[in-house]
Amino acid sequence: MISIIIPLYNKENCIEVTLNSVLSQSYKNFEIIVVNDGSKDNSVAVVESIKDSRIRLINKENEGVSKTRNRGIMEAKGEWVLFLDADDKMENGCLQALIDLSRQYPQASILCGNFITRTENDDISSSSIKENCLIYDPFKLIWKKIWNMRLGSFIAKKESLPQYPEDMAKGEDVLYCFNVLNNGITAYTPHNTMVYVRGNSEVSGKLLPLEKWLYWEMAVKGTNSYQKIIYIDILIKGILVYLLKYKKPSYSFRLMFRHFTSILVYTPLYVIRKIF
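Per chain, residues are indexed from 1 in the order of the written sequence. Whole-chain, interface and lining totals are the exception, using all residues; otherwise, since this is a predicted model, local features are given only for residues with pLDDT of at least 70 and side-chain atom pairs are given and counted only at 80 or more. Side-chain numbers come from the whole structure's heavy atoms, not from hydrogens or water.

(A) How the structure looks around a nonpolar patch on the surface. Within the patch definition used here, like charges are joined within 9 Å and nonpolar side chains (Val, Leu, Ile, Met, Phe, Trp, Tyr) within 5 Å, considering only residues with over 30% relative accessible area and no salt bridge. Reported accessibility uses the Shrake-Rupley method at a 1.4 Å probe radius. Residues are deemed covered only where the shown protein chains occlude them. Salt bridge, as applied in this entry: a Lys or Arg side-chain nitrogen positioned within 4 Å of an Asp or Glu carboxyl oxygen. Taken together, the side chains of Val-271, Ile-272, Ile-275 and Phe-276 define a hydrophobic patch exposed on the protein surface, amounting to about 450 Å² of accessible area. Of note, Ile-272 is situated in helix H10 (residues 260-275). The helix count covers DSSP runs of H or I at least four residues long, the strand count covers runs of E at least two residues long, and both are numbered beginning at the N terminus.

So, in structure tokens, the structure goes:
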């Protein structure tokens, strides 16, 4: 069984579409765990209006999306777990394609499909790979923009899932996906699994305390050189974001000081990979 975890906070205008995109799947062996993170609108009423025994609604006080997803993991009864945001849409045949992939690659504990990123001007595919395969070096493919993975595009064995980083409010999805990738073997199908609408986040564009961002918490570590340079790339962008977008040079200097050794050691590798 697949446990589909949906964190819910003030999404009355889109949660019905999201739930119906799951309920209409051809593969039926799933449960939907909607964890309401203290919504103040009519989101809960919308969920309760959909009568299906596979939907479980869990109400709790507002604690943020990371703690909400961890609550969902704790409540999940399935062998596999899929995270879906309350404003995302699951594509037709998504679950069946991922389950078929598990039969083709039984050694894989992470089963990932293609996803579409929807912007104001375009729909962007996450991968240029056209056939089912094992992903042997995911960070190299991410760096070269050949393939990528995000929440909603994969299922993973519950037994191997890490906990969500609860102290972060921006960039936690990136860190979590990287932790998942480091924790198992990944198989891929080019079947479109979901549509991600960029810019729908509650915290998009907001200036948060530095300690709440991915830039602050992530550590440049591990043995994979591509993972290290992806982290350096994220750090450099973070420094520039605070300096140029938010006009907060003090934040930029704090980031540089916190990660000085990593920047010093791995920037030459980063430059080499950028060129070659």
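(B) Molecular detail of the nonpolar core. Counting 52 residues, the largest nonpolar core has Phe-83, Trp-147, Met-149, Phe-154, Tyr-176, Tyr-242 and Leu-255 as its most contacted members. Broken down by element, the residue count for this core peaks at 9 residues, all from helix H8 (residues 225-245). Ignoring any residue separated from it by four or fewer positions in sequence, one finds Phe-83 in contact with Ile-5, Arg-69, Ile-73, Leu-151, Gly-152, Leu-161 and Tyr-176. By convention a nonpolar core is built from buried Ala, Val, Leu, Ile, Met, Phe, Trp, Tyr and Cys residues, the set being connected through side-chain atoms within 4.5 Å. Working definition: with a 1.4 Å probe on protein chains only, accessible area under 20% of the residue-type maximum means buried, over 50% means exposed, and in between means partly exposed. Contacts are residue-level and defined by heavy atoms, with any inter-residue pair within 4.5 Å sufficient.

(C) Structural detail: the pairing of strand E6 (residues 110-118). The buried fraction of E6 amounts to 8 of the 9 residues, a majority that puts the element mostly inside the structure. Both E6 and strand E9 (residues 154-157) contribute to a ladder of 3 bridges, which runs antiparallel. Along E9, the bridge assignment pairs Ile-110 with Ala-156. Between any two strands, at least two bridges found by DSSP are needed for them to pair. Pairing between E6 and strand E10 (residues 186-197): 9 bridges, direction parallel.

(D) Local environment of helix H1 (residues 15-23). If you check which residues of H1 are buried, you get Ile-15, Thr-18, Leu-19, Ser-21, Val-22 and Leu-23. Residues of H1 that are buried sit in contact with strand E1 (2-8), strand E2 (30-37), helix H2 (43-48), strand E3 (55-60) and strand E5 (89-90).

(E) Focus on H10. Take the residue count of a helix, subtract one, and multiply by 1.5 Å to get its expected span. Across its 16 residues, H10 extends 23 Å between first and last C-alpha, which sits within 8% of the 22 Å expected from 1.5 Å per residue. All buried positions along H10 are accounted for by Ser-262, Tyr-266 and Tyr-270. Buried residues along H10 sit in contact with helix H5 (138-143) and H8.

(F) Spatial organisation of the packing of aromatic side chains. Only Phe, Tyr and Trp rings take part, Trp by its six-membered ring, and two of them pair if their centres are within 6.5 Å. Stacked means planes under 30 degrees apart, edge-to-face means over 60, and tilted covers everything else. Counted according to the given criterion, the structure contains 8 aromatic pairs. Each ring, one from Phe-83 and one from Tyr-164, has its centre 6.0 Å from the other, and the planes form 65°; the classification is edge-to-face. Within this pair, whereas Phe-83 is found in strand E4 (residues 80-83), its partner Tyr-164 is found in the loop between E9 and helix H6 (172-181), the two being separated by 81 residues in sequence. A relative accessible area of 1% places Phe-83 in the buried class. We classify Tyr-164 as buried; its relative accessible area is 3%. Between Phe-83 and Tyr-176, the ring centres sit 5.6 Å apart and the planes meet at 90°, which makes this aromatic pair edge-to-face. Of the two residues, Phe-83 is situated in strand E4 and Tyr-176 in helix H6; the sequence distance between them amounts to 93 residues. For the pair formed by Phe-83 and Tyr-176, the shared burial category is buried. Taken together, the ring pairs in this structure connect Phe-83, Tyr-164 and Tyr-176 into an aromatic cluster. Cation over ring: Arg-150 sits above Tyr-196, and NZ or CZ is 3.7 Å from the ring centre. Ring-over charges, as used throughout, are those where CZ of Arg or NZ of Lys falls within 6 Å of the ring centre and within 35 degrees of the ring normal. Taking the ring centre of Tyr-251 as reference, the NZ or CZ of Lys-248 above it sits at 5.7 Å.

(G) Local environment of the packing of H8 against helix H9 (residues 249-258). Across the interface, H8 lies against H9 with an axial gap of 7 Å and an inter-helix angle of 160°. Relative to H9, H8 is oriented roughly antiparallel. As for the relative orientation of H8 and H9, their crossing is left-handed in sense. Here Leu-235, Gly-238, Ile-239, Tyr-242 and Leu-243 of H8 come into contact with H9, specifically with Pro-249, Tyr-251, Ser-252, Leu-255 and Met-256. Fitting a line to C-alpha atoms yields each axis, with helices limited to the stretch in contact; the angle taken between N-to-C directions then spans 0 to 180 degrees. In these notes the angle categories are as follows: under 35 degrees is roughly parallel, over 145 is roughly antiparallel, 65 to 115 is roughly perpendicular, and the rest is oblique. Each crossing gets its handedness from the near helix: less than a right angle anticlockwise from the far helix is left-handed, clockwise is right-handed.

(H) Representation of the pattern of salt bridges. In total, this model carries 14 salt bridges according to the counting rule given. Of the charged contacts, one joins Arg-71 and Glu-75 as a salt bridge, the two residues approaching to 3.0 Å between their closest N and O atoms. In this pair, Arg-71 and Glu-75 are both assigned in helix H3 (residues 65-75), 4 residues apart and thus about one turn of the helix distant. What makes Glu-75 partly exposed here is its relative accessible area of 23%. Among the salt bridges present, the one from Glu-211 reaches Arg-254, with a minimum N-O distance of 2.4 Å. One end of the pair, Glu-211, is in the loop between E10 and helix H7 (214-217); the other, Arg-254, is in helix H9, and 43 residues separate them in sequence. Judged by its relative accessible area of 34%, Glu-211 falls in the partly exposed class. Beyond isolated ion pairs, a larger network of salt bridges with shared partners links Glu-31, Arg-56, Arg-71 and Glu-75.

Purely geometric stuff here, so don't read any function into it on its own.
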